[in-house]
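# Overview (structure and organization)
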Amino acid sequence: MNYYSTNGNAPLASLEKAVVKGLAEDRGLYMPERIEKLPKAFFEDISSMSFQDIAYNVASNFFGEDVDEDALQDIVYDTLSFDCPVVKVTDNIYTLELFHGPTLAFKDVGARFMARLLGYFLRRKSSGKTVNVLVATSGDTGSAVANGFLGVEGIHVYVLYPKGKVSPIQECQFTTLGKNITAIEVDGVFDDCQTLVKSAFMDKELNNHMMLTSANSINVARFLPQAFYYFNAYARLSTQLSTSNSDLVMCVPSGNFGNICAALFGHEMGLPIKRFIAANNANDVFYNYLQTGKYEPRPSIQTLANAMDVGDPSNFARIYDLYGKSHERISTLISGAKYQDEQIAETMRQCYSETGYILDPHGACGYRALQEGLKDGEIGVFCETAHPAKFKEKVDDILGIDIEIPARLKAFMEGEKQSVEMTKDFTDFKRFLMQQ
Ligand SMILES: *Cc1c(COP(=O)(O)O)cnc(C)c1O
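Residues numbered from 1 in each chain as written. Predicted model: local features only at pLDDT ≥ 70, side-chain atom pairs only at ≥ 80, totals over all residues. Heavy atoms only, no water.

### Focus on the overall build of the chain
Each helix and strand counted, the chain has 20 helices and 13 strands in total. In terms of C-alpha radius of gyration, the chain reaches 21 Å, essentially the compact-globule figure of 22 Å for 436 residues. Considered along the principal axes of its C-alpha atoms, the chain spans approximately 65 × 50 × 40 Å. Put simply, the chain has 436 residues, and 58% of those count as buried. In the chain, the share of contacts with a sequence separation of at least 24, taken over all contacts with a separation of at least 6, comes to 73%. Element-wise, carbon and sulfur atoms account for 47% of the exposed surface of the chain, whose accessible area totals about 17,700 Å². Charge separation in the chain, taken as the distance between the mean sites of 41 positive and 55 negative side-chain charges, equals 4 Å. (Helix = DSSP H or I, 4+ residues; strand = E, 2+ residues; numbered from the N terminus. Rg over C-alpha atoms; globule rule 2.2 N^0.38 Å. Buried < 20%, exposed > 50% of the residue type's maximum accessible area, 1.4 Å probe, protein only. Contact = heavy atoms within 4.5 Å. Areas by Shrake-Rupley, 256 points an atom, 1.4 Å probe, with all protein chains shown as cover. Lys, Arg positive; Asp, Glu negative; His and termini not counted. Charge placed at Lys NZ, Arg CZ, Asp CG, Glu CD.)

And the structure:
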């Protein structure tokens, strides 16, 4: 299958090119030329299928023409080494827990899939050359990418992060791994890290010396696999619920809108979801678009749910393209909600006292949007996009508890930190990379 650019000014790309390059030449986002509906038989059998089998069927629909059957199955099975369970919170609200992966956030699914698919393409070429992934992070992306690529042959990852500016819990998730992961501690802010990465991609001499690529969240191999768990959620719910599933509402706490975009692709493939809610924090650019039809990006505002602090959601271009640029189609299928920090904290307290369920600040936006937005007869599912212990200080403070840190997060915290200190001067970074 070929991929076209949302900007319409770049040549069609193969899957391999779209995955290796990430962004199209015209800076648009890659979109698959076709989205096939899954067969009726698949939906009839889905409730008796395992998560991995469901995911393999969905993956074949997108990647089946371009990846060998056996290899694709291995990639999918290896990616999903953990579950994404659906848990009941109230009578009509369920949570899709996406935090059971290595770094306790949903980004693990996309990062693991992308790492394995990239590894597959490299092995097929068998040039024997190592591909170097450069990633700048303010915290969460670095950990998901580093852990997703950990131990994948033929790939080395360099994670650049601002010294002293990521939380200790985040830092240990990419500085203690060793193997093919190098953490680079930059004496500067996140923007300096990003600038170093961009300069490296533009430097001719460096690119002749080593093969460089990014693991950006707009990569088709990172966002499409996120559709897997929506199908699984539907399957698990259809066994739990005796009623018909024609009234399912999916609510996704959103920042760059990659996660909800994958759910919308699932819907195009026939997943029976009635409607969607995009839950936002105070960063309400998409919310405003739904109300007015005007898309007006703004600088982001810092909030309690900081992984959603995005002022110009990159996947808006995909959603806009998917529905033929029609505001009417988009706002009929998707509604919005937005919450200030006080409302997020209040929701976390209320949910904890009424149900005992501990929400993280991102999931809290989703839960509240369902509480306020569900109509009679509808069943709502919201994504818990991260484990609350990832935000331990905030969650403890808001709920007045001492939340337990899961063992796999503790294990990171006990590992030994290994990092390379770096100035924000590109000459130093380049000299370092030229010696690798
Ligand atoms: C990345 C992230 C989000 C936002 O997801 P998008 O795909 O960017 O919309 C929400 N919650 C958490 C915890 C995240 O890490």
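### A look at the packing of aromatic side chains
Under the counting rule described, the total for this entry stands at 20 aromatic pairs. Look at Phe-316 and Tyr-320: their rings are 5.4 Å apart centre to centre, the planes differ by 20°, and that puts the pair in the stacked class. Highlighted residues: Phe-316 and Tyr-320, both in helix α14 (residues 316-322), separated by four residues, approximately one helical turn. Judged by its relative accessible area of 7%, Phe-316 falls in the buried class. Taking the relative accessible area as the measure of exposure, Tyr-320 reaches 29% and is therefore partly exposed. Among the aromatic residues, those joined into a cluster by ring pairs are Phe-62, Phe-63, Phe-113, Phe-223, Phe-228 and Phe-265. (Phe/Tyr/Trp six-rings, centres within 6.5 Å; stacked < 30°, edge-to-face > 60°.)

### Quick word on the environment of Ala-13
With respect to the secondary-structure elements, Ala-13 resides in the loop between β1 (3-5) and α1 (15-21). For Ala-13, a relative accessible area of 0% corresponds to the buried category. When the C-alpha atoms of Ala-13 and Asp-187 are compared, they prove to be 38 Å apart, with 174 residues separating the residues in sequence. Contact partners of Ala-13, with chain neighbours within four places excluded, come to Met-1, Asn-2, Tyr-3, Ala-18 and Tyr-30.

### Brief notes about the pattern of salt bridges
Inspection of every chain in the model, using the stated rule, returns 23 salt bridges. One salt bridge connects Glu-372 with Arg-368, and the closest N-O pair in it is separated by 2.9 Å. Of this pair, Glu-372 and Arg-368 both sit in helix α17 (residues 361-373), four residues apart, roughly one helical turn. Through salt bridges with shared partners, a single network forms among Lys-163, Glu-171, Glu-185, Lys-417 and Glu-421. (Salt bridge = Lys/Arg side-chain N within 4 Å of Asp/Glu carboxyl O.)

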